[in-house]
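Letter by letter, the chains look like this.
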Amino acid sequence: MQLKVVINSAVHVIFAIWCIGYSTLKAQVPEPMGTAAIFQQMQKLKVVGSVLYVAAHPDDENNSLLPYLAKEKKYRTAYLSLTRGDGGQNLIGSEQGIDLGLIRTQELLAARKIDGSEQYFTSAYEFGFSKTSSETLSIWDKQKVLADMVWVIRKFQPDIIINRFPPDARAGHGHHASSAILSAEAFKAAGDPNQFPDQLKKGVGVWQAKRLLWNTFNFGGANTTSENQLKINAGVFNPFLGQSYGEVGGEARSMHKSQGEGRPRRKGPIYEYFVTVAGDSSVNQLMDGIITDWSRFGNPGKMIEQQLDKIIRDFQFLKPENSVKALVDVYRQVSILSMNAAWKEQKLMELTHLIAACAGLVAEATTEMEYAIPGEKMGIQFLVNKRSDANIELKQIHLKSHGKTAYDSSVNISLLNNTNYNINYQYTVPVNQPLSQPYWLESPMKDMGTFNVTDQHLIGLANSAPDFEVNFSFEIYGEKFLLRSPLQYKYVDLVRGELYEPLNVIPPVLVSLNKRVVFSNLMTPDKQKIQQPDILLQFKSNFTASAVPLKLGVKDESNQLFFKDTVYNLVAGNIYPFTVSLSDVIKKKKNNTITGEVQLVRNGQSFSFDQQLKTIHYDHIPAINYLYKDQIQLIDEPIFSTPKKVGYIIGAGDRVPEALMQLGHTVEFLQEADLVASKLSQFSAIVVGIRAYNIHEWLTNKNDVLNKYIENGGHLIVQYLKNNLVGNKRVKVGPFDFSVSNVRVTEEKAKVEFLNTQHPFMNFPNKLRDKDFDNWIQERSTYQIEPVKAPYETFFQIKDTNDAPTKGSLVTASYGKGHFTYVSLVLFRQLPAGVSGSYKLLANLIAATGNK
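The residue numbers shown here count from 1 along each chain, following its written sequence. Note on the predicted model: pLDDT of at least 70 is required for a residue's local features to be given, and 80 or more for side-chain atom pairs to be given and counted; whole-chain, interface and lining totals, by contrast, use all residues. In computing side-chain properties, one takes all heavy atoms of the structure into account and sets aside hydrogens as well as water.

A look at the environment of Thr 292
For step 1, the next point in the chain: Where helices and strands are cited, they refer to DSSP runs of H or I of at least four residues and of E of at least two residues respectively, numbered from the N terminus. Note that Thr 292 resides in the loop between strand 12 (271–279) and helix 8 (298–314).
For step 2, the next point in the chain: Of the residues examined, Thr 292 reaches a relative accessible area of 22% and is grouped as partly exposed.
For step 3, the next point in the chain: Taking the C-alpha atoms as reference points, Thr 292 and Ser 50, 242 residues apart in sequence, are found 8.4 Å from one another.
For step 4, the next point in the chain: Thr 292 has contacts with Lys 46, Val 47, Val 48, Gly 49, Tyr 75 and Met 287, leaving out every residue within four places of it along the chain. Under the scheme applied here, a residue whose accessible area is under 20% of the maximum for its type counts as buried, over 50% as exposed, and between as partly exposed, the area being computed with a 1.4 Å probe on protein chains only. Residues are treated as being in contact if the distance between any of their heavy atoms lies within 4.5 Å.

If you want it as structure tokens, here you go:
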């Protein structure tokens, strides 16, 4: 296809970023690569050493060591995180589980963007805190996770592997220790052709790293370092960056915002210590005995090294384009060099990246559409600009989607200096276009500890491949180059300026339901029915069409509960409500999971839609989108509630307010200005969200006001604190002193022993029984009060395997006419999951409201 190219001479200020892997495709703003960065990248071209760092979670990596390895030593450096951090806590919002794992994945990539390293993952799911490696490895599919690690090692081919943790209790907990246990096994297995032999048929070969080391540490009360260990100063200053690697590491670490990991930019020496775990011992340097220059590839490699030395000597910081021709010559030589295939691919990519940067070459593909919709048109803008006098010809633009050609145009234009070449193209997205989805979420989980990823070539990748990728073909000084760029959504935010986001393909119709949980038998203590709202199905149309035949309804699995035939005039962007009688659903249901569905006929074809789009927005990471089935969990068990007016103080984010409303309570959200006696007196109970005291200093400052509320007959219910501090100040919580500990009960099936069986918490309006602790997810409790002292009362004794019993998961004390209660039982996880016992306990806590 030959298309007209529109040329103008306006200056385009965005510099090119050429992607070295899909982990870097989803940048929000392309960053310029100035000549200081170009010069450092030229130096990196000379180095052929590689390091793989291994740990369990996002934020486990050593953020000062990684930039030292990648930017000072110039090694190809990567971090392999076994999990995506799905089971952690969230300081910045209410996302949990899968949602949190998606956030923490992008936070890791934001950190890697700063420290110059790459990012990989296994299929392991972070199911929650685990105290022992034996528990962890019994929940993860150990062989699958080990196979993933071996695949990453064979593909990345590290010269050395470094563990963050030891394989024992010094690691801190089970996930950490398991990462070291599995790493030691993977170190050996990757070099054994009898281990995971199927991988050898899919593009990798056996690989034996030279050594496996442990990066010992001094934190968390454990000092595992020693002066007889290999010692390296990672805190050196980089004049090109104007920073030390401690400062770079602090900036990278601070990207883990969901975990509250903001850190200082450290100056001065930072000593790292290492112990050899397996392989050849390291005495003086991490890379002892490893050739890390081009002599690794014999005399032809030495000749390339000499060429690179000359390019570096001759580099002109104000005229980087003068290096382009010499870099193209090196590219030709590397292309024909007999060398390790992984290094050849890597160095050719690095050279391509450098040639484009030196030439000031930018090539991008964008759309003004936030989403691509199957069957709908999408405007695409291709832009090429060369900001130099380098001899470059644009030959072809090829847009691909899932391996199929979406657009292909021969161009054959000699690019002029600083001239925009624009091509606008109207593309109709095929009706059978695959929908966007993070690859690890495409199939249901294999088990509670492992994602089900069956495509071997996806294993390890941080992100899915882009749905649309553009190959820009150039001829530069007679050599052909292919520059790859994802098709991205570009827009201008009035506050943040020009932004780029991933382009996602979503269904023409999105379907949502209004509740997560409904009750079929919710009553007051005198058995008066508490009215539950009907089910509200809403569907959003992403296309415009008239007189579209629709069938709307809800089902449980394949059993249709209620459907209605109708006709709609649909307008793109509009949301259409449809009410379904809850009583009708309850009468017909066979299962307790309810989903919505919209069926329609368009252009003679029948379609069925049942997915909703979840979008997560935070400024420090790209927008996250994924598809899921909106579901309602129906609880049949009788639940008793005493509807009251409840105040709620939001903490780090949770869905407890929604559960309170489900129980028939009226909920009002409270801010700092609301904490006055006249306002608080109207509430029977005030519930404080998770970690709110660690976030809001005003809660400590208003503790006397809240205590007066309790004294006058109110019930203050505080969900867990992570520690006893807000900033550097000790929190004040409740009328009697207590301290939050690190004691947690992480086994979700841990036996719960009832202690205070006559207390109202245990009996009114619901009689609590052993079965109310069935089907809990992830854990029992977190950050308990330990030890519990008078005047606090306790209710449950719980313990993990091999641990001492604990009693601080739920405590209360009377004060004046009211009560103060601390809850570290993880109700915030159980309520959205539809665990009936958690609703009973919450209803009982709200019912115990003194004189109100």
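What to know about the packing of aromatic side chains
For step 1, the next point in the chain: Pairing of aromatic side chains here covers Phe, Tyr and the six-membered ring of Trp, requires ring centres within 6.5 Å, and sorts the geometry by plane angle: under 30 degrees stacked, over 60 edge-to-face, intermediate tilted. For the coordinates displayed, the defined rule picks out 40 aromatic pairs.
For step 2, the next point in the chain: Where Tyr 568 meets Tyr 576, the ring centres are 5.5 Å apart and the plane angle is 80°; that geometry is what we call edge-to-face.
For step 3, the next point in the chain: According to the relative accessible area criterion, Tyr 576 is buried, its value standing at 12%.
For step 4, the next point in the chain: With 5.9 Å between their ring centres and 45° between their planes, Tyr 626 and Tyr 628 make a pair best called tilted.
For step 5, the next point in the chain: Of the residues examined, Tyr 628 reaches a relative accessible area of 26% and is grouped as partly exposed.
For step 6, the next point in the chain: When the ring centre of Phe 121 is taken as reference, the NZ or CZ atom of Arg 84 above it lies at 4.1 Å.
For step 7, the next point in the chain: The ring of Phe 129 has Arg 744 sitting right over it, with the charged end atom 4.1 Å from the ring centre. Over a ring means this: the NZ of a Lys or the CZ of an Arg is within 6 Å of the ring centre and within 35 degrees of the ring normal.

Considerations on the side chain of Asp 674
For step 1, the next point in the chain: Note on placement: Asp 674 falls in the loop between strand 37 (666–669) and helix 13 (677–680).
For step 2, the next point in the chain: Within the buried set, Asp 674 has no salt-bridge partner at all; the shortest N-O distance to an opposite charge, 4.4 Å, is to Lys 679. For the purpose of charge, His is not counted, nor are the chain termini; Lys and Arg are scored as positive and Asp and Glu as negative. Salt bridges are defined as contacts in which a side-chain nitrogen from Lys or Arg sits within 4 Å of a carboxyl oxygen from Asp or Glu.

Things to note about the sheet that holds strand 6 (residues 211–216)
Sheet strands line up and pair through hydrogen bonds in the backbone, either parallel or antiparallel.
For step 1, the next point in the chain: On the basis of which strands lie adjacent, the open sheet formed by seven strands has the order 4-3-2-5-6-12-9 and mixed pairing. The outermost strands of the open sheet, each flanked by one partner alone, are strand 4 (118–121) and strand 9 (230–233). Within the sheet, the average angular offset between the axes of one strand and its neighbour, ignoring direction, is 30°.
For step 2, the next point in the chain: A pair of strands counts as paired when DSSP detects no fewer than two bridges linking them. Note: strand 5 (residues 160–163) against strand 6, four bridges, orientation parallel. Paired with Ile 160 across the two strands is Arg 211, which belongs to strand 6.
For step 3, the next point in the chain: Seen against the sheet, helix 2 (residues 65–72) touches strand 2 (50–55), strand 3 (76–81), strand 5, strand 6, strand 9 and strand 12 and runs at an angle of roughly 150° to strand 3. Helix axes use the C-alpha atoms of the stretch in contact, all axes being lines fitted to C-alpha atoms, and the angles between their N-to-C directions lie in the range 0 to 180 degrees.

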